[in-house]
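# Geometric and topological summary
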Amino acid sequence: MPGGRKIIDTIQTVLADGGTTVSLEFFPAKTEEGMGNLLARIEAMVLQLQPTFVTLTWRSAFEDERLWLKIGTIVQKEFSVDVLLHLTCHLPRADLVRVLQNARDAGIRNILALRGDPPIGEDKWEAVSGGFSNAVELVQLIRDLHGDWFCVAVAGYPEVHTECWNSPDLPPSEQSQALDLCHLKEKVLAGADFVVSQFFYDVEKFQKFSDKCREIGIPANVPILPGYLPIQNYKSFRKFTSWCKTSVPRHIETALEKVKDDDEQVKAFGAEEAIRVCKRLLAHGHKTLHFYTLNLETTVTSVVEGLGLLPQPNLRELSWQRHNAMGSRTRAKGGPMEEVRPIFWANRQTSYVSRTNAWDEFPNGRWGDSRSPAYGELSHYYLEFKRPKIDRQKLWGLPTKQEDVYDVFCDFLDGKPAVDGRPSTDPEVGWGGPGGFVYQKAYVEFFCSPLKLKALMEELDRHPNLSYHAVNAAGEEYTNTQGKRVNAVTWGVFPGKEIVQPTVVDAESFQIWKDEAFELWLTQWASAYGEGSTSRAVIQEIYDSYFLVNIVDENYSAEHHQIAAAQTEASLKLVAAAGAAGAAGAWQQGKDEEEVRDGDAGIPMDIFTLFKRVITRHFTPEQLEHFSLNTQKENELLFGLVKELKAINHDTASENKQLRAQLVQFQKELADVKAEMNRIRTRGHETNKSNTLILSARRPVAAAASLSATQGNGGASSM
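Scope of this entry: the structure provided in the associated data block. (Residues numbered from 1 in each chain as written. Predicted model: local features only at pLDDT ≥ 70, side-chain atom pairs only at ≥ 80, totals over all residues. Heavy atoms only, no water.)

As a further point, take the overall build of the protein. In terms of helices and strands, the protein carries 20 helices and 20 strands. Relative to its 719 residues, the protein shows a buried fraction of 47%. Long-range contacts, defined here as pairs at least 24 residues apart, represent 75% of the contacts in the protein between residues at least 6 apart. Surface summary for the protein: the accessible area is close to 36,600 Å², and the carbon and sulfur share equals 55%. (Helix = DSSP H or I, 4+ residues; strand = E, 2+ residues; numbered from the N terminus. Buried < 20%, exposed > 50% of the residue type's maximum accessible area, 1.4 Å probe, protein only. Contact = heavy atoms within 4.5 Å. Areas by Shrake-Rupley, 256 points an atom, 1.4 Å probe, with all protein chains shown as cover.)

Right under this line is the structure:
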């Protein structure tokens, strides 16, 4: 099979002609439909931006070798752009040999050779049995087996690889920087053709890094591509820079602090800053720009356009053919090649991407649309491995029973409240820029035992406003939703736009998240304890038997939740009353509540009232009494807190009243002073006018006297 071009040859040709190269990085989507849309997005960006090459990242877990290679082949063959495939050292040498041969057979000619990060839950990198310890060995393998067939790229770190830092809290020393540069030089000497840098925001640091590379002997004919990650979301930016220990210039900190609650302004600033940085890079002679896209289109496109690097539209023919989830193209057999896509294909996946490409620009995370090319943030991809290391036993303790785990989870319960038409600028729930209104259904996600799930489902099936989906590690699932329904959980209404719904819950995305969520029990938690330990056995038991559950309250209206809150308060009062009546009274109260429950089927109920009902349903008299007494104590504490707040409010109101009275008095005194000044000015004006009249009256008398005197003098002299 004929191969693509070697990227280094293209780069050198463009630079020799005085041009600039632009390259884009993408990561594989998590679902088949998302993969189809990712291909459509890559196609659209390649068509519009005409990059020199694109890169496709590699999952360290190596669960998708064939898919990784298939995507690379499709992009290279169908979109006429060279592909740089990432390859890491997570496999034994024999497997790496096979992968490289398969890539060569597929016509792939460009490999980014990386060591890779330690698996989730591991603090240090350890080579697999029969594997490599670093990227130098991988580069050597490629050259030994394939000579110069492959163009080989390697990674460089302007602010030093995090493992070379002397301390997690202190900048790397000069010795650490020198050691990191030596590692890079070893990769180049092993046969690397060019370097792609980790992302950065401080141009001076990259320039210093580039200069040092040349000083230590990395030749000038080995390009160093500056990698840039445009700022597209404040929280993600904070997470990425923290985990990768990327320094942030003060002007960026200051600017983002002012707009951090407005997604659109954050994106706008991110594009402006990217343009500013790239212009400085170009001015310094760095004509090879590499963008980490996060599979998002809008910002990178605006940056390339702002740099004046957007090429003339490519008017190649469009075949009104679609990419399905596995990348195959289809059109009517023997049909003509068309220059436009017929309107009848308005619902095809590519159209879906073009109509909703801005939806990805707002926060979604794992609750996003599984159809989106950007479903699953980069932080849930390879940046997850860069999460700061923590003392897990200190954080989570040493559980000896499942109840110990419950206490930890109480601090991490994942849920969102209902929102009914709040302004999009609301500091707590707003998103998407000014002028809009946002909505959100209440939802909660949690793990629970099979016994508790059974009780929950019995109650959930009685209240149609509550939809749920439960699944365990083995794939056993329960739900009261039909088919592949996509449930919009968050949406917004903005002037001049379609309704935006960046946050949804659907069966496919939940299945994807399920695999990751259960994996964390073992890789993050169980691995913190030794083999055969009680704590590890407890975590393993939860992994094996528990269900991951999400519940969505379809009724998001404020009125509904006010009623639900009143019902919850009434229920708590009943429980407290039962506690006052003793165990027998509590038990009878529980029986009475069962009768009430039997009569409220079909009546809307909020999520937490549901929880309270299910939790207390099977209490023994002693448990119910204990629960009611604790609830009563909590209510008393809450009452005391409310009382204190009321007192503070009363004192504040009194102070405000006094301040208002003082302000009124001050304003009155100020008005009096102004009036007095006006009177003084008026009197002064009248006095000046009177003086002017007096002076005017005196002037004729003086003039007459002067004339008489002159005449008298004149008469004397003539005599």
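There's plenty left to go through after this.
Ranked by size, the top nonpolar core spans 103 residues in total, and within it L24, V75, L87, L138, F194 and F291 carry the most contacts. Broken down by element, this core gets its largest block of residues, nine residues, from helix α10 (residues 263–283). Discounting chain neighbours no more than four positions away, the residues touching F291 are V22, S23, L24, E25, Y228, P230, C278, V300, V303 and V304. Counting residues in each nonpolar core, the second largest holds 20 residues, with V444, C448, V549 and M605 among its members. (Core = buried A, V, L, I, M, F, W, Y, C linked by side-chain atoms within 4.5 Å.)

According to the stated counting rule, one finds 17 aromatic pairs in the structure shown. Considering the side-chain rings of F200 and F206, the 4.8 Å spacing of their centres and the 10° angle between planes classify their relative orientation as stacked. Take F200 and F206: they sit in the same class, and that class is buried. Cluster of aromatic residues (ring-pair linked, three or more members): W396, F447, F518, W521, W525 and Y543. Taking the ring centre of W149 as reference, the NZ or CZ of R109 above it sits at 4.0 Å. The ring of F494 has K497 lying over it, and the distance from NZ or CZ to the ring centre is 5.5 Å. (Phe/Tyr/Trp six-rings, centres within 6.5 Å; stacked < 30°, edge-to-face > 60°. Lys NZ or Arg CZ within 6 Å of the ring centre and 35° of its normal.)

On to unusual backbone geometry. Despite not being glycine, Q50 shows a phi value in the positive range, around 45°. Relative to the helices and strands, Q50 resides in the loop between α2 (32–49) and β2 (53–56). Under the relative-accessibility criterion, Q50 is labelled partly exposed at 36%. The backbone phi angle of K245 is positive, close to 55°, even though this residue is not glycine.

This next bit is on the pattern of salt bridges. A complete count under the given rule lists 16 salt bridges for this structure. With a shortest N-O distance of 3.9 Å, E297 and R41 are connected by a salt bridge. In this pair, E297 sits in the loop between β9 (288–292) and α11 (298–306) while R41 sits in helix α2, placing the two residues 256 residues apart along the sequence. Here the two residues E297 and R41 agree in accessibility, since each one is buried. A salt bridge links K497 to E264, with the nearest nitrogen and oxygen atoms 2.5 Å apart. You can see K497 sitting in the loop between β18 (486–493) and β19 (500–506) and its partner E264 sitting in helix α10, a full 233 residues away along the chain. (Salt bridge = Lys/Arg side-chain N within 4 Å of Asp/Glu carboxyl O.)

Within the element layout of this structure, N472 appears in strand β16 (residues 466–472). Here E476 takes part through its backbone nitrogen, which lies 2.8 Å from a polar atom of the side chain of N472. Residues contacting N472, with those up to four places away along its chain left out, are K514, F518, Y546 and F547. (Polar contact = N/O pair within 3.5 Å; in protein donor to acceptor, adjacent residues only side chain to side chain.)

Okay, the sheet that holds β9 next. Read across the sheet, nine strands follow the order β7-β6-β5-β4-β3-β2-β1-β9-β8 without closing on themselves; strand pairing throughout is parallel. Only two strands of the sheet have a single partner each, and these edge strands are β7 (224–225) and β8 (227–228). Judged from the two bridges that link them, β8 and β9 form a sheet pairing that is parallel. Across the sheet, the residue bridging to G227 is H290, located in β9. (Pairing = 2+ DSSP bridges.)

Here we take up the packing of helix α4 (residues 93–105) against helix α5 (residues 135–146). To describe two helices that pack against each other, one gives the angle between their axes and the distance between the axes. Contact geometry of α4 with α5 gives a least axis separation of 11 Å together with a crossing angle of 55°. Here α4 lies oblique to α5, going by the angle between them. When the axes of α4 and α5 are compared, the crossing they make is right-handed. The residues of α5 that touch α4, namely those facing R93, L96, V97, L100, Q101 and R104, are L138, L141, I142, L145 and H146. (Axes fitted to C-alpha atoms, helices over the stretch in contact; angles between N-to-C directions. Parallel < 35°, antiparallel > 145°, perpendicular 65-115°, else oblique. Left-handed = near helix turned anticlockwise from the far one by under 90°.)

Nonpolar side chains collect at one region of the surface, where L638, L641, V642, L645 and I648 lie side by side and expose about 450 Å² of accessible area between them. Assignment of secondary structure puts L641 in helix α20 (residues 621–718). Judged by its relative accessible area of 45%, L641 is partly exposed. (Patch = residues over 30% accessible without salt bridge, like charges linked within 9 Å, V, L, I, M, F, W, Y side chains within 5 Å.)

Glancing now at the pairing of strand β14 (residues 437–440). Of the two faces of β14, the one holding V438 and Q440 is buried and the one holding F437 and Y439 is not buried anywhere. Pairing between strand β13 (residues 419–423) and β14: four bridges, direction antiparallel. Residue pairing in the sheet places R422 in a bridge with V438 of β14. Two strands pair when backbone bridges link them, and β14 and β18 are joined in this way by four bridges, in the antiparallel orientation. Its bridge partner being in β18, F437 is matched across the sheet by V493.

Another point: the environment of F437. Here F437 lies in strand β14. Sequence separation of F437 and R422 is 15 residues, and the distance between their C-alpha atoms is 5.4 Å. Those residues in contact with F437 that lie beyond four places of it in its chain are G421, R422, P423, S424, W491, G492 and V493.

Attention now goes to helix α16 (residues 507–525). Across its 19 residues, α16 extends 26 Å between first and last C-alpha, which sits within 8% of the 27 Å expected from 1.5 Å per residue. A maximum bend of about 30° is found in α16 at E519. Looking at α16, one finds that the buried residues are S509, F510, I512, W513, K514, E516, A517, F518, W521, Q524 and W525. (Expected span 1.5 Å × (residues − 1). Bend = angle between axes of the 7 residues up to and from the residue.)

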